[in-house]
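Spelled out, the chains give:
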Amino acid sequence: MFLIIFLSLNAIAQACTLANCSIDAAIVYENAGEIRYAFYGHSPKIPKPVNAPLTYSMWAPGGGTNAILAPSSASAGNGWPDVAFDRGSGNISAVWMFLGGSGGSTTSGIQYSEWSGTAWSPPVTLYQIVTPPPVPPAPSTPVYNFNPVVAVDVSGTVLVAWRSFVYGPGTSNSVLGRTRVNGVWSPALTSPPAVIAT
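Calculation criteria
- Residues numbered from 1 in each chain as written.
- Predicted model: local features only at pLDDT ≥ 70, side-chain atom pairs only at ≥ 80, totals over all residues.
- Heavy atoms only, no water.
- Helix = DSSP H or I, 4+ residues; strand = E, 2+ residues; numbered from the N terminus.
- Buried < 20%, exposed > 50% of the residue type's maximum accessible area, 1.4 Å probe, protein only.
- Contact = heavy atoms within 4.5 Å.
- Areas by Shrake-Rupley, 256 points an atom, 1.4 Å probe, with all protein chains shown as cover.
- Phe/Tyr/Trp six-rings, centres within 6.5 Å; stacked < 30°, edge-to-face > 60°.
- 1 Å grid on protein atoms, 1.4 Å probe; cavity = no way out; pocket = protein on both sides within 12 Å on 5 of 7 lines; lining within 4 Å.
- Points joined across faces, edges and corners; volume = space filled by probe spheres on them.
- Nonpolar A, V, L, I, M, F, W, Y, C, P; charged D, E, K, R; others polar.
- Pairing = 2+ DSSP bridges.
- Axes fitted to C-alpha atoms, helices over the stretch in contact; angles between N-to-C directions.
- pLDDT = per-residue confidence, 0-100.
- Patch = residues over 30% accessible without salt bridge, like charges linked within 9 Å, V, L, I, M, F, W, Y side chains within 5 Å.
- Salt bridge = Lys/Arg side-chain N within 4 Å of Asp/Glu carboxyl O.
- Polar contact = N/O pair within 3.5 Å; in protein donor to acceptor, adjacent residues only side chain to side chain.

Details of the overall build of the protein chain
Looking only at helices and strands, the protein chain features one helix and 13 strands. Helices (α) and strands (β) of the protein chain occur, in sequence order from the N terminus, as α-β-β-β-β-β-β-β-β-β-β-β-β-β. By residue count, 36% of the 198 residues in the protein chain fall in the buried class. Once local pairs closer than 6 in sequence are excluded, the contacts in the protein chain between residues at least 24 apart make up 43%. Total accessible area computed for the protein chain in this model is approximately 10,600 Å², and 62% of it derives from carbon and sulfur atoms.

Let's talk about the packing of aromatic side chains
Applying the stated rule across the entire model yields eight aromatic pairs. With centroids separated by 5.2 Å and ring planes inclined at 55°, the aromatic side chains of Tyr-37 and Phe-39 adopt a geometry described as tilted. Look at Tyr-37 and you get buried, because its relative accessible area is 4%. Classification of Phe-39 by relative accessible area gives buried; the value is 0%. Grouping aromatic residues by their ring pairs yields a cluster made of Tyr-37, Phe-39, Trp-115 and Trp-120.

Regarding the layout of surface pockets
The calculated volume of the second largest pocket comes to roughly 170 Å³. Taken together, Ile-23, Asp-24, Phe-85, Asp-86, Arg-87, Gly-88, Ser-89, Gly-90, Asn-91, Trp-115, Ser-116 and Gly-117 make up the lining of the second largest pocket. Partitioning the lining of the second largest pocket into residue classes produces three nonpolar, six polar and three charged.

Thoughts on the side chain of Glu-114
Considering the arrangement of structural elements, one finds Glu-114 in strand β7 (residues 106-115). What makes Glu-114 buried here is its relative accessible area of 17%. When sequence neighbours within four positions are dropped, the list of residues in contact with Glu-114 reads Asn-91, Ile-92, Ser-93, Ala-119, Trp-120, Ser-121 and Arg-180.

Here we look at the sheet that holds β7
Whenever strands of a sheet pair, they do so through backbone hydrogen bonds, lying parallel or antiparallel. Across the sheet, four strands lie side by side as β5-β6-β7-β8; this open sheet has antiparallel pairing. Of all strands in the sheet, those bounded by a partner on one side alone are β5 (79-85) and β8 (124-131). Neighbour-to-neighbour, the strand axes of this sheet turn through a mean angle of 10°, independent of strand direction. Of the strand pairs in this sheet, β5 and strand β6 (residues 92-100) are connected by five bridges, and their pairing is antiparallel. Each bridged residue has a counterpart across the sheet, and for Phe-85 the counterpart in β6 is Ile-92.

Notes on the confidence of the model for the protein chain
Across the protein chain, pLDDT averages 79, with 78% of residues at or above 70. By mean pLDDT, helix α1 (residues 2-15) is the weakest element of the protein chain at 38, and strand β12 (residues 184-186) is the strongest at 97. Predicted confidence is poor over residues 1-14, with pLDDT under 50, and the contacts of this stretch with residues over four places away or in other chains come to six contacts.

A few points about a nonpolar patch on the surface
Taken together, the side chains of Ile-27, Tyr-40, Tyr-56 and Met-58 present a nonpolar region at the surface, about 350 Å² in accessible area. The residue Tyr-40 is located in strand β2 (residues 34-43) in this model. What makes Tyr-40 partly exposed here is its relative accessible area of 35%.

Considerations on the environment of Trp-162
Here Trp-162 lies in strand β10 (residues 158-166). By relative accessible area, Trp-162 is classed as buried at 1%. Note: C-alpha distance between Trp-162 and Val-175 (13 residues apart in sequence) is 5.6 Å. For Trp-162, the side chain forms a polar contact with the side chain of Asn-145, separated by 3.3 Å.

As for unusual backbone geometry
Pro-187 follows Ser-186 through a cis peptide bond whose omega is -10°. Inspection of the secondary structure puts Pro-187 in the loop between β12 and β13 (194-197). Located in the positive-phi region is Trp-80, a residue other than glycine, with phi close to 50°. Looking at where Trp-80 falls in the secondary structure, it is placed in strand β5.

As structure tokens, then:
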């Protein structure tokens, strides 16, 4: 019985396209290091409000499951995604953490991508810290950036915040963030993020 239902839903998902289905909500999730997404919407794609029965389904362009970002050797630890929907423009904002490193170093950061109606933008790195390997006898003090959240206000301003944790002697825990107004990030991506709380 479960298999029959699954095949039926899959068939519905593959029938949806950007041309004939609406995007009323979006989910972003992690699977084996991939940042994936799916949309929830109705068919036929007609303006709201509507007085006719509509078929709602979960779908992704092209059918099946799509990846915003696939894992790589440099960032194999993608995870902790979050998503926000801009009702004004219809754009969708997604954020996630990435964790990687090589040669004993640790790389930790936060990335952002936006769905503009037809595709996701290339990921933007909002913050990245590379912790070099420890030099004995000094202990390692890696910095981990994780648990990002994103929101979009009524004016279209994007707000992103995340936790930054310094592990080891002198452990510290803070909340950092950036905002984007009219396409411009503040503080600038070339500057450290804002400290929201410590």
